[in-house]
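Listed below, chain by chain, are the residues.
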Amino acid sequence: MSGLGWLESPAFTAFDQQVIWSDLIGNSVGLVALALGWRRSLWTWPVQLLSGVILVAAYAHAELAGGVGKQLLVIGVALWGWRQWTHGRQQSGDGSLAVRFATWKERGLLLGGTALGTLAVGLLFTAVPELSWNPWPDAYIFVGTLAAMVAQARGLVEFWFAWILVDVVGVPLAFSSGLAFSGLVYVVYFALALWGMRDWWLRSRAAAQPPLKGVPA
């Protein structure tokens, strides 16, 4: 067994399904990353990157090539998002990250890109069956995750809506793939996404309010 072989060994059993260490650790780290994103902490990106690295092993163990590809994509986008937030925090002056709703143009680009991307990836997974045993849900999560992280990197409230839509498919897919702990984590993701959406929504509304007379902006 290689030095990292223990990541593919069982940690415990839940719902008659074995939970492997990479699944357990990777998803736990992913939850921390989402919570840090809610708090608008720059640490959300390096933690997300770490989660992606670990989850590559989890999806490889479940023989989900689409999941492996998604996590490799997560790693790349996390590096880009890290750079985006670092630049944004430097521009804000007070160390905080400004959040806002997307413009209609940005929403159109996100929706159009997600739809076309899901179609393209779904067709690829269908044409190459070894990439995924369930091509369309896999493609939906694959591209939806990309859209969510791009929106997060740009400080858009729609980031949370995207994660909620990914969770709706991610929960049943994870359980049916034998990744029970991932399914449970997706449920917690859903709850965190609702709270995070509320927080970012309120912050974006507060930032949009004009300053009162006599009060510095």
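Structure: see above.
Fair warning: this is a prediction, and the values are worked out from it, not measured in the lab. (Residues numbered from 1 in each chain as written. Predicted model: local features only at pLDDT ≥ 70, side-chain atom pairs only at ≥ 80, totals over all residues. Heavy atoms only, no water.)

## Description of the packing of aromatic side chains
Two descriptors summarise a pair of aromatic rings, namely the distance from one centre to the other and the angle between the planes of the rings.
Then step 1. All told, the structure shown has 10 aromatic pairs when counted by the stated rule.
Then step 2. When the ring of Trp85 is compared with that of Trp200, the centres are 6.4 Å apart and the planes differ by 35 degrees; the resulting orientation is tilted. With Trp85 in helix 3 (residues 65-92) and Trp200 in helix 7 (residues 180-208), this pair connects stretches of sequence that are 115 residues apart.
Then step 3. Take Trp85: its relative accessible area is 0%, and that puts it in the buried class. (Phe/Tyr/Trp six-rings, centres within 6.5 Å; stacked < 30°, edge-to-face > 60°. Helix = DSSP H or I, 4+ residues; strand = E, 2+ residues; numbered from the N terminus. Buried < 20%, exposed > 50% of the residue type's maximum accessible area, 1.4 Å probe, protein only.)

## Here's the deal with a nonpolar patch on the surface
Then step 1. A cluster of nonpolar side chains, Leu119, Leu123 and Trp136, forms an exposed patch at the surface whose accessible area comes to about 300 Å².
Then step 2. Residue position: Trp136 is located in helix 5 (residues 135-153). (Patch = residues over 30% accessible without salt bridge, like charges linked within 9 Å, V, L, I, M, F, W, Y side chains within 5 Å. Areas by Shrake-Rupley, 256 points an atom, 1.4 Å probe, with all protein chains shown as cover. Salt bridge = Lys/Arg side-chain N within 4 Å of Asp/Glu carboxyl O.)

## Considerations on empty space enclosed by the protein
Then step 1. Counting across every chain of the model gives 2 cavities of 30 Å³ or more.
Then step 2. Computed from the structure, the largest cavity encloses a volume of approximately 200 Å³.
Then step 3. Every residue lining the largest cavity is counted, 19 residues in all, and those nearest its centre are Gln48, Leu55, Gln71, Trp163 and Tyr189.
Then step 4. When contributions to the lining of the largest cavity are tallied by element, the ones reaching two or more residues are helix 1 (21-38), helix 2 (44-61), helix 3, helix 5, helix 6 (158-176) and helix 7.
Then step 5. The residue makeup of the lining of the largest cavity, split by class, is 9 nonpolar, 9 polar and 1 charged. (1 Å grid on protein atoms, 1.4 Å probe; cavity = no way out; pocket = protein on both sides within 12 Å on 5 of 7 lines; lining within 4 Å. Points joined across faces, edges and corners; volume = space filled by probe spheres on them. Nonpolar A, V, L, I, M, F, W, Y, C, P; charged D, E, K, R; others polar.)

## Some remarks on the packing of helix 5 against helix 6
Then step 1. Axis separation between helix 5 and helix 6 bottoms out at 8 Å; the angle between their running directions is 155 degrees. Judged on the interaxial angle alone, helix 6 and helix 5 are roughly antiparallel. Our pair here, helix 5 against helix 6, has a crossing hand that is left-handed. Where helix 5 abuts helix 6, its residues Pro137, Asp138, Tyr140, Ile141, Gly144, Thr145, Ala148, Ala151 and Gln152 lie against Glu158, Phe159, Ala162, Trp163, Leu165, Val166, Val169, Gly170 and Leu173.
Then step 2. Grouping the amino acids of the contact of helix 5 with helix 6 by side-chain chemistry returns 12 nonpolar, 4 polar and 2 charged. (Axes fitted to C-alpha atoms, helices over the stretch in contact; angles between N-to-C directions. Parallel < 35°, antiparallel > 145°, perpendicular 65-115°, else oblique. Left-handed = near helix turned anticlockwise from the far one by under 90°. Contact = heavy atoms within 4.5 Å.)

## Here's the deal with the pattern of salt bridges
Then step 1. For the structure on display, the rule yields 4 salt bridges.
Then step 2. One salt bridge in this structure joins Arg100 and Glu106, with 2.8 Å as the shortest N-O distance.
Then step 3. Of the residues examined, Arg100 reaches a relative accessible area of 32% and is grouped as partly exposed.
Then step 4. Take Glu106: its relative accessible area is 15%, and that puts it in the buried class.
Then step 5. Salt-bridge contacts for Arg154 lead to Glu106; the nearest nitrogen and oxygen are separated by 3.4 Å. Of this pair, Arg154 sits in the loop between helix 5 and helix 6 while Glu106 sits in helix 4 (residues 104-127), and the two are 48 residues apart along the sequence.
Then step 6. Residue classification places Arg154 among the partly exposed residues on the basis of a relative accessible area of 41%.
Then step 7. One continuous salt-bridge network, built from bridges that share partners, spans Arg100, Glu106 and Arg154.

## As for the layout of surface pockets
Then step 1. Its volume calculated, the largest pocket comes out at about 360 Å³.
Then step 2. In terms of lining, the largest pocket is formed by 14 residues, of which the most central are Leu111, Glu158, Phe161, Ala162 and Leu165.
Then step 3. Take the lining of the largest pocket: its biggest share by element is 5 residues, from helix 6.
Then step 4. When grouped by side-chain class, the residues that make up the lining of the largest pocket number 10 nonpolar, 2 polar and 2 charged.
Then step 5. Its volume calculated, the second largest pocket comes out at about 230 Å³.

## Here we look at unusual backbone geometry
Then step 1. The residue Arg40 is not glycine, and still its phi comes out positive at about 60 degrees.
Then step 2. Looking at the element boundaries, Arg40 is found in the loop between helix 1 and helix 2.

Purely geometric stuff here, so don't read any function into it on its own.
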